[in-house]
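Structural overview
Each chain, written out:
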Amino acid sequence: MKELDLSMAQFSAFGSFLNLGGAVGALFSGQLAVILGRRRTLWACDLFCIFGWLSIAFAKNVLWLDLGRISLGIGVGLTSYVVPVYIAEITPKHVRGAFSASTLLLQNSGISLIYFFGTVINWRVLAVIGALPCFIPVIGIYFIPESPRWLAKIGSVKEVENSLHRLRGKDADVSDEAAEIQVMTKMLEEDSKSSFCDMFQKKYRRTLVVGIGLMLIQQLSGASGITYYSNAIFRKAGFSERLGSMIFGVFVIPKALVGLILVDRWGRRPLLLASAVGMSIGSLLIGVSFTLQEMNLFPEFIPVFVFINILVYFGFFAIGIGGLPWIIMSEIFPINIKVSAGSIVALTSWTTGWFVSYGFNFMFEWSAQGTFYIFAMVGGLSLLFIWMLVPETKGQSLEELQASLTGTT
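Description of the structure in this document. Fair warning: this is a prediction, and the values are worked out from it, not measured in the lab. Going along each chain's sequence as written, the residues are numbered from 1 onward. With the structure being a predicted model, the display of local features is reserved for residues of pLDDT at least 70 and the display and counting of side-chain atom pairs for 80 or more, all residues being used for whole-chain, interface and lining totals. To obtain the side-chain values, all non-hydrogen atoms of the structure were included, while hydrogens and water were left out.

Observations regarding the overall build of the protein
Scanning the protein from N- to C-terminus turns up 19 helices and zero strands. Computed over the C-alpha atoms, the radius of gyration of the protein is 22 Å, within 12% of the 22 Å expected from 2.2 N^0.38 for a compact globule of 409 residues. Taking the principal axes of the C-alpha coordinates as reference, the protein spans close to 70 × 45 × 40 Å. Contact between two residues is taken to exist if any of their heavy atoms lie within 4.5 Å; hydrogens are not considered. The long-range fraction of contacts in the protein, counting pairs at least 24 apart against all pairs at least 6 apart in sequence, stands at 82%. Of the roughly 18000 Å² of accessible surface on the protein, a fraction of 70% belongs to carbon and sulfur atoms. Counting rule for charge: Lys and Arg are taken as positive, Asp and Glu as negative, and neither His nor the chain ends is counted. Working definition for charges: the position is that of NZ of Lys, CZ of Arg, CG of Asp or CD of Glu. The average position of the 30 basic charges and that of the 26 acidic charges among the side chains of the protein differ by 1 Å. Strands are runs of DSSP state E lasting at least two residues, helices are runs of H or I lasting at least four, and both sets are numbered from the N terminus onward. Radius of gyration means the value over C-alpha atoms here, while the globule rule gives 2.2 Å times the residue count to the 0.38 power. To measure how exposed things are, a 1.4 Å probe is used in the Shrake-Rupley method; for residues, cover is taken only from the protein chains shown.

Structural notes on the environment of V252
You can see V252 is positioned in helix α13 (residues 241–262). Here the alpha-carbon distance between V252 and N162, two residues 90 residues apart in the chain, equals 38 Å. Among all residues touching V252, those that are not within four sequence positions of it are N108 and S112.

Remarks on the environment of D46
Relative to the helices and strands, D46 resides in helix α2 (residues 38–57). Sequence spacing of D46 and L347 is 301 residues, and the spatial spacing of their C-alpha atoms is 19 Å. Not counting chain neighbours up to four residues away, the residues in contact with D46 comprise C134, P137, V138 and I141.

Quick look at a nonpolar patch on the surface
Excluding any residue in a salt bridge, patches collect residues exceeding 30% relative accessible area, merging like charges within 9 Å and nonpolar Val, Leu, Ile, Met, Phe, Trp and Tyr side chains within 5 Å. Just to be clear on terms, a salt bridge is a Lys or Arg side-chain nitrogen sitting within 4 Å of an Asp or Glu carboxyl oxygen. Taken together, the side chains of V209, W366, I374, M377, L381, L384, W387, M388 and L389 define a hydrophobic patch exposed on the protein surface, amounting to about 1000 Å² of accessible area. Counting residues per element, the nonpolar patch draws most heavily on helix α18 (residues 368–389), at seven residues. With respect to the helices and strands, the residue V209 is situated in helix α10 (residues 205–220).

Regarding helix α5 (residues 123–131)
Along α5, the positions that sit buried rather than exposed are R124, L126, A127, G130 and A131. Each buried residue of α5 lies within a common arc of 155° when the element is viewed along its axis, so the set occupies one face. Next to the buried residues of α5 lie α2, α4 (96–117) and α6 (135–140). Measuring from the backbone nitrogen of R124 back to the side-chain oxygen at the start of α5 gives 2.8 Å, which picks out N122 as the cap. Burial classification: accessible surface area is computed with a 1.4 Å probe over protein chains only, and a residue below 20% of its type maximum counts as buried, one above 50% as exposed, and the rest as partly exposed. Think of the arc as the fan of directions from the helix axis to the C-beta atoms. Between N or O atoms, a polar contact is any pair within 3.5 Å; within protein, one atom must be a potential hydrogen donor and the other a potential acceptor, and residues adjacent in sequence are included only when both atoms are from side chains.

Regarding the packing of aromatic side chains
Any two rings among Phe, Tyr and Trp, with Trp reduced to its six-membered ring, count as a pair given centres within 6.5 Å; such a pair is stacked if its planes are under 30 degrees apart, edge-to-face if over 60, and tilted if neither. Inspection of the entire model under this criterion finds 17 aromatic pairs. Ring geometry for Y313 and F314: centres 5.1 Å apart, planes at 85°, overall edge-to-face. Take Y313 and F314: they sit in the same class, and that class is buried. Note on F364 and F372: the rings are 6.5 Å apart at their centroids and 80° apart in plane angle, and the pair reads as edge-to-face.

Thoughts on the environment of G380
Turning to its location among the elements, G380 is positioned in helix α18. In sequence terms G380 and V125 are 255 residues apart; their C-alpha atoms lie 40 Å from each other.

Concerning the pattern of salt bridges
A complete count under the given rule lists six salt bridges for this structure. For E3, the salt bridge goes to R124, with nearest N and O atoms at 3.0 Å. Placement of the pair is E3 in the segment before α1 (8–35) and R124 in helix α5, with a sequence separation of 121 residues. Its relative accessible area of 18% is what places R124 among the buried residues. Sharing partners across several salt bridges, the network here consists of R96, R268 and E331.

Some thoughts on the packing of helix α14 (residues 268–294) against helix α15 (residues 302–319)
Between α14 and α15, the least distance of the axes is 8 Å, while the angle of their chain directions is 165°. On the basis of the axis angle, α14 is roughly antiparallel to α15. Crossing angle aside, the handedness with which α14 passes α15 is left-handed. Looking at side-chain class alone, the contact of α14 with α15 contains 16 nonpolar, seven polar and no charged residues. Fitted lines through C-alpha atoms serve as axes, helices being fitted only where they are in contact, and the angles separating the N-to-C directions of these axes extend from 0 to 180 degrees. Oblique is the label for every angle not falling under 35 degrees (roughly parallel), over 145 degrees (roughly antiparallel), or within 65 to 115 degrees (roughly perpendicular). Note on convention: near helix rotated counterclockwise from far helix by under a right angle means a left-handed crossing. Clockwise means right-handed. Residue polarity follows a fixed list, in which Ala, Val, Leu, Ile, Met, Phe, Trp, Tyr, Cys and Pro are nonpolar, Asp, Glu, Lys and Arg are charged, and the others, Gly among them, are polar.

Thoughts on the nonpolar core
Residues I233, F290 and I386 are the most contacted members of the largest nonpolar core, which totals 73 residues. For this core, the element with the most residues is α15, which contributes eight residues. In this view, I233 contacts I226, F290, V306, I310, F360, F364 and F372; residues no more than four positions away in its chain are not counted. Nonpolar cores are built from buried Ala, Val, Leu, Ile, Met, Phe, Trp, Tyr and Cys residues. Side-chain atoms within 4.5 Å join them into one set. C49, A57, L65 and C134 belong to the second-largest nonpolar core, a separate cluster that totals 13 residues.

Dropping the structure here:
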């Protein structure tokens, strides 16, 4: 804000443009993943991210800053769809959750790096650091196999087994798995011609509601706004911004490890329920803290209490609602509606995230406690939604899971 003389509105817009770009990327992610394949779509993600980070790093005015943020958002929007889909399609069912959750651990490691060093390093240097990891997959993607389920969809029967052999080992017997993938893909293709309207059929209604509902919960719980503007919360509470950012940076890695360890042990549903309860309590207690601050009660305890509850909020966010909606989205949609339904679900996430991240600063200025009471209410409603509608997906192959949800036999 200081270097480029940004107003609060411009600063909020810059923060929210990641979500706006993410919405654009999400809109085309499914179609690109089908036309180009999972691997080449991942490669395109990297190009958008590299351009975005470098544009931010060398920005001379707000135009290049915003352009870089939007480009970065497009890359992340594409990644948010194709990465969980690719991982779900290549991993065995008994470790699918852990493999999917491992991406969240790596994301949190990146967040940790930025939060930890962001207190002492110039923002332009941070942008260059953000670009560096993007260069690795540009080359590495050429050495990984294509998704066997995408190969089955385009009719490359021989390539399905070749891909599975590269994934399971040269001497592994992949004939049963290959046959299951091909039979289920063919059945779904015959049952539906994969038009956009297919996902609104009665048999897909529950999966669509679950996918969209989980993304709304993930964003309306306030995580984007709190993550982007955590320093503003620390400042309002009277807690050291530098100390808060550094502790938060260290904290995000172990909290992601917990989710990685538990996702295939406890299952998706229990983690989502625990996550909703913890986030709701954390938000409620932050709201209470700011209420007490306004009443000038316990001023010496308020800064630490707010900070501790922000850690509580993000700890519970990380083990469930932070990443599991993307994992579940990649599991529940059959191959014939995965493009249209996955794109709609991802678009929901990013557009709602844009609304929250843009509006957070204005809401926080309006009422700090009111903002967190709203997030607590969302957490309570999400608990009911998860309890009533979200299925358990642990320990089932994608074909078994999708058949049970849609009534296909």
